[in-house]
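Single-letter residue listing:
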Amino acid sequence: MSTPPPPRTPATDTRPADAAPSPDAPHSPGSAPDDGALAWLRALGPRGRRAFAGAFGGYALDSYDYFTLPLSMVALAAYFGLDSGQTGLFTTVTLVASAIGGAVAGVLADRIGRVRALMITVITYAVFTVACGFAPGYETLLVFRSLQGLGFGGEWAVGAILVAEYASAKHRGRTIGAIQSSWAVGWGLAVVAYTLVFSFFGDDVAWRVMFWTGALPALLVVWMRRRVQDAPEATAAREQSAEKGSFPAIFKGSLLRTTLFAGLLSTGVQGGYYTLATWVPTYLKSERGLSVVGTGGYLTFLISGAFLGYLTGGYLTDRLGRRRNIWLFALLSAVCILAYANIPSGADTLLLVLGFPLGFCMSAIFSGFGSYLSELYPTALRGTGQGFTYNTGRAVGAVFPTTVGFLADSWGVGGALVFGAIGYAIAALALLGLPETRGKELE
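Computed from a prediction, not measured in an experiment: that's the story for all the values here.

### Some details on the overall build of the protein
Then, number 1: What the protein contains, in helices and strands, is 17 helices and 0 strands.
Then, number 2: Residue burial in the protein is summarised as follows: out of 443 residues, 59% are buried.
Then, number 3: For the protein, contacts bridging at least 24 residues in sequence account for 84% of all contacts bridging at least 6.
Then, number 4: Surface exposure of the protein reaches about 16,900 Å², of which carbon and sulfur atoms provide 67%.

This is the structure in structure tokens:
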């Protein structure tokens, strides 16, 4: 069991009554309005906003580097002569490796600090995304992609914790939901790059160029090293605790139940999500017969829905609570998958229109994840708990895209996508074992 942090004693303010507040202090309820569309951002204070910018940029570029593969999948399959099962294996090894990387990054975040761990994850996924572009064969590309997964797995958990420890309890859902929205930003940038690269280069070269553009995150690390810091109170609590981030600790006492059900929740949501993220581009090109530009256009609707879904889900997770928000969008996501996969041939306008609610629902369910997992664990074990449960879900959920890949040969990609709806049913059941944490102060 973790050692609770020492009681917080309010510091005596010795400044004159008319002195200006510290430029790095977050706004107190009396110093700024506590409502309005951007109240969550004002409440972070200058240091918190810099942390937000670092986490937002890191997750956007994490998304960009991830989607270089799904968007290039058709070209890769043709170049190396791969079947659907082999291409699905790319996603599986990425997500399985991400479970290892995410769990390790969580422990590092508890031991060396959030910002240092975050920079390590960003450097890792950037280096190996670029390396994928130099792969001479399928097996080498598989190895590089798995190593990319080590960094990919750790970035979100560490970045979400960093910002959650600056955010107020009232606005934590919206704040982390805004961080989640950067995934759609990175996805959108990847689609723009895909459209340009595959329009100007032949398929045999274009997939390599896509991976080489993954070097962009290195610029973010330089900025983060100079400008972003861990939340002071969380740092003090972590340093004074006897527990310094260990896997056995999150399986003791009351945390055992939390860890098991949180891992199951993460498995269901991510199984459904990565099924769609991996196979929709292939579905649009191979079964709906869309061109590169046409695929990019259809994905624009999907991604626009995802961006608004992240923001709306962040708002609703504060209004409805963590559990109700996940329940609601698990149901709606499953319904959208079934509808999207069963659109009749030739109804391409309907395919276009349904892309928006599909992207909206499958993303809104994620908005409460960062705040919810942060609130389920004490400060000294927050990185370990969140990194382990979120990324275990990624690893087990990785079975879903591979299963779709093997089923696609007999069912077709559209029919196999229905398998993703099972993931959302698992997520809804997992919530039965977890408490509601809305409004909880981090300990």
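### Considerations on the packing of aromatic side chains
Then, number 1: Under the criterion given, the structure shown has 23 aromatic pairs.
Then, number 2: Both rings, one in F52 and one in F56, keep their centres 5.8 Å apart while their planes meet at 35°; by these two values the pair is tilted. Taken together, the residues F52 and F56, both in helix α1 (residues 39-80) and 4 residues apart, mark about one turn of the helix.
Then, number 3: In this structure F52 comes out as buried when scored by relative accessible area, which is 11%.

### A few points about the pattern of salt bridges
Then, number 1: One pass over the full model with this rule turns up 7 salt bridges.
Then, number 2: R174 is the salt-bridge partner of D318, the closest N and O atoms lying 3.0 Å from each other. Of the two residues, D318 sits in helix α10 (residues 292-319) while R174 sits in helix α5 (residues 172-200), which places them 144 residues apart along the sequence.

### Here's the deal with the confidence of the model for the protein
Do not read the fine detail of predicted coordinates wherever pLDDT is low.
Then, number 1: Predicted confidence across the protein gives a mean pLDDT of 82, with 84% of residues reaching 70 or more.
Then, number 2: Every residue in residues 1-33 scores below 50 in pLDDT, and together they form 29 contacts with partners more than four places removed in sequence or on other chains.

### Remarks on the nonpolar core
Then, number 1: By size, the foremost hydrophobic cluster in this structure holds 113 residues, and its most contacted members are L141, W183, W187, L265, Y273, F369 and Y424.
Then, number 2: Residue contributions to this core peak at 17 residues, all from α1.

### Some thoughts on the state of the cysteines
Then, number 1: In this structure the tally under the stated criterion is 0 disulfides.
Then, number 2: Unpaired in terms of disulfides, C336 finds its nearest cysteine sulfur in C361, a separation of 4.1 Å.
Then, number 3: According to the relative accessible area criterion, C361 is buried, its value standing at 6%.

### A word on the packing of helix α3 (residues 114-132) against helix α6 (residues 203-212)
Then, number 1: Their axes nearest at 7 Å, the elements α3 and α6 cross at an angle of 165°. Relative to α6, α3 is oriented roughly antiparallel. At the point where α3 passes α6, the crossing takes the left-handed sense. Facing T129, V130 and C132 of α3, the residues of α6 in contact are W207, F211 and W212.
Then, number 2: Broken down by class, the residue content of the contact of α3 with α6 amounts to 5 nonpolar, 1 polar and no charged.

### Regarding the side chain of T129
Then, number 1: Within the element layout of this structure, T129 appears in helix α3.
Then, number 2: A relative accessible area of 0% means that T129 is categorised as buried.
Then, number 3: In terms of polar contacts, T129 uses its side chain to reach the side chain of D65, at 3.2 Å.

### Thoughts on helix α11 (residues 322-341)
Then, number 1: Compared with the 28 Å implied by 1.5 Å per residue over 20 residues, the 29 Å span of α11 between its first and last C-alpha is a close match.
Then, number 2: Buried within α11 are the following residues: R322, R323, N325, I326, F329, A330, S333, A334, C336, I337, Y340 and A341. Along α11, the residues classed as buried sweep out an arc of 165° about the axis, all on the same side. Away from its buried face, by an angle of more than 90 degrees, α11 presents the exposed residues R324 and L331.

### Let's talk about the side chain of T68
Then, number 1: Mapped onto the secondary structure, T68 falls in helix α1.
Then, number 2: Take T68: its relative accessible area is 0%, and that puts it in the buried class.
Then, number 3: Here D65 takes part through its backbone oxygen, which lies 2.6 Å from a polar atom of the side chain of T68.
Then, number 4: In this structure, T68 is in contact with T129, R145, M210 and F211, ignoring residues within four places of it in sequence.

Quick notes on the rules
- Residues numbered from 1 in each chain as written.
- Predicted model: local features only at pLDDT ≥ 70, side-chain atom pairs only at ≥ 80, totals over all residues.
- Heavy atoms only, no water.
- Helix = DSSP H or I, 4+ residues; strand = E, 2+ residues; numbered from the N terminus.
- Buried < 20%, exposed > 50% of the residue type's maximum accessible area, 1.4 Å probe, protein only.
- Contact = heavy atoms within 4.5 Å.
- Areas by Shrake-Rupley, 256 points an atom, 1.4 Å probe, with all protein chains shown as cover.
- Phe/Tyr/Trp six-rings, centres within 6.5 Å; stacked < 30°, edge-to-face > 60°.
- Salt bridge = Lys/Arg side-chain N within 4 Å of Asp/Glu carboxyl O.
- pLDDT = per-residue confidence, 0-100.
- Core = buried A, V, L, I, M, F, W, Y, C linked by side-chain atoms within 4.5 Å.
- Disulfide = S-S within 2.5 Å.
- Axes fitted to C-alpha atoms, helices over the stretch in contact; angles between N-to-C directions.
- Parallel < 35°, antiparallel > 145°, perpendicular 65-115°, else oblique.
- Left-handed = near helix turned anticlockwise from the far one by under 90°.
- Nonpolar A, V, L, I, M, F, W, Y, C, P; charged D, E, K, R; others polar.
- Polar contact = N/O pair within 3.5 Å; in protein donor to acceptor, adjacent residues only side chain to side chain.
- Expected span 1.5 Å × (residues − 1).
- Arc of directions from axis to C-beta.

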